Amino acid sequence: DPGADASLCGMAATGASGTNAVRYGTMRPNVLNLRVVLPDGRLLHTAGPGRQPRKRAAGYDLTSLFVGSEGTLGFLTQATLRLHPLPEATAVTVASFPSVGAAVACTVQVLQAAVPVARIEFLDDVMADACGRFSGKGLPVAATLLLELHGSRRSLAEQQQQMEEIMQQNDGSSLAWAEGLEEREQLWSMRHNAWYAALALRPGCQGYCTDVCVPISRLPDVVVETKQDLQASGLTGPMVGHVGDGNFHCILIFNSQDPEEAQRVHAFTQRLGRRALAAGGTCTGEHGVGLGKRALLQEELGQEGLDTLRSIKAALDPLNLMNPGKVI
């Protein structure tokens, strides 16, 4: 997993999240305080030195300002984090569906039913096939959901029954529930190796991963449209995502020595970002703006929003020392 060696402050700086975010949240709500070295060398504690309240209403939310700032406002050197208790029991299953639309519709129904799912990850048929072959375990070549439930042993049985009923309503078929640690880790290892599984589809080619996030109610439409766009573009781009958050990724595998194919990749990523914006979403759920999505950021926030970001940047970093050119 390319993100397995991430640092806590690096995750805060990029506004990162992972497979558990649907239940426990992204980095933003889990950071209570940050120690930041500002561009002029001053040391800032965003919630005050030594402070770690669960909530606060004292002044501007400086902590959230720096979470996701992508290194443009200061160096994050210490993070105070919210902790969550480990669940008494955990269960994981893999479910296959006849189409990407059915898999994502199942996700929406799970969330609408308020099942407290801990992880719900989506693989399209191309990604499921790649992950199955790369891991050597084999998965049906079909749209797939990996689901994990947390709770007490009693509540887990009720959640499993709810999940199975919803999956059946959406024509899903699931494997037996895995509750042992080793079995669960084997199932999740397929998902964590998705990047390498995708690269193995075209040895010697380069991978480019993009992401968007949309309201849950619009997720089925956006995923289906994106799948159709990929097929019409003739690109190798398996889809994978944290669909419980409305967030999904396309891992585009292309020949970087072929300018025409590289241009098709760029055009697709721009269409994907604008499709998410048209659906009321964001051009990036967790990867950040960096250099490649600056135009999309302006479309998302409008000129007033971008001007406000630039004013904040100028106030904290007037010499433009921190990641110049990134984000804005």
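Here, every reference points to the structure presented above.
Note that the structure is a prediction, hence the values are computed from the model and not measured. (Residues numbered from 1 in each chain as written. Predicted model: local features only at pLDDT ≥ 70, side-chain atom pairs only at ≥ 80, totals over all residues. Heavy atoms only, no water.)

Peer 1: Can you help me understand the sheet that holds strand β7 (residues 173-174) in this one?
Peer 2: Adjacent strands of a sheet pair through backbone hydrogen bonds, lying either parallel or antiparallel. On the basis of which strands lie adjacent, the open sheet formed by seven strands has the order β7-β4-β6-β5-β9-β10-β8 and antiparallel pairing. Edge positions in the sheet fall to β7 and β8 (206-213), since each of these pairs with one other strand and no more. As paired elements, strand β5 (residues 117-123) and strand β6 (residues 143-151) share six bridges and run antiparallel to each other. In the sheet register, Arg119 faces β6, and the bridge partner there is Glu148. (Pairing = 2+ DSSP bridges. Helix = DSSP H or I, 4+ residues; strand = E, 2+ residues; numbered from the N terminus.)

Peer 1: I tried to follow the sheet that holds strand β3 (residues 75-81) on my own but got confused; where do I start?
Peer 2: Read across the open sheet, the three strands follow the order β2-β1-β3; overall the sheet is antiparallel. The sheet is open, and its two borders are formed by β2 (43-45) and β3, each paired with just one other strand. Between one strand axis and the next, the sheet turns through 15° on average, direction left out of account. In this sheet, β2 lies alongside strand β1 (residues 31-37) in antiparallel orientation, the contact comprising three bridges. Its bridge partner lying in β2, Val36 is registered against Leu44. (Axes fitted to C-alpha atoms, helices over the stretch in contact; angles between N-to-C directions.)

Peer 1: Hey, could you run me through the nonpolar core in this one?
Peer 2: As a rule of thumb, nonpolar side chains are buried together in soluble globular proteins. Residues Phe97, Phe122, Leu145, Met163, Met167, Val223 and Phe248 are the most contacted members of the largest nonpolar core, which totals 41 residues. Those elements that place two or more of their residues in this core are β4 (89-97), α5 (100-112), β5, β6, α7 (153-169), α10 (219-233), β10 (247-254) and α11 (259-278). Here this core takes six residues from α5, the largest share from any one element. In this view, Phe122 contacts Val100, Ala103, Val104, Ala143, Thr144, Leu145, Val223, Met239, Val240, Gly241 and Val243; residues no more than four positions away in its chain are not counted. (Core = buried A, V, L, I, M, F, W, Y, C linked by side-chain atoms within 4.5 Å. Buried < 20%, exposed > 50% of the residue type's maximum accessible area, 1.4 Å probe, protein only. Contact = heavy atoms within 4.5 Å.)

Peer 1: Can you help me understand the pattern of salt bridges in this one?
Peer 2: Two side chains with opposite charge may pair up if their charged atoms get near one another. If you walk through the whole model with that rule in mind, you get 14 salt bridges. Of the charged contacts, one joins Lys293 and Asp211 as a salt bridge, the two residues approaching to 3.9 Å between their closest N and O atoms. Of this pair, Lys293 sits in the loop between α11 and α12 (294-316) while Asp211 sits in strand β8, placing them 82 residues apart in sequence. A relative accessible area of 9% places Lys293 in the buried class. In this structure Asp211 comes out as buried when scored by relative accessible area, which is 0%. Note that Arg274 is salt-bridged to Glu299, the shortest N-O span being 2.7 Å. (Salt bridge = Lys/Arg side-chain N within 4 Å of Asp/Glu carboxyl O.)

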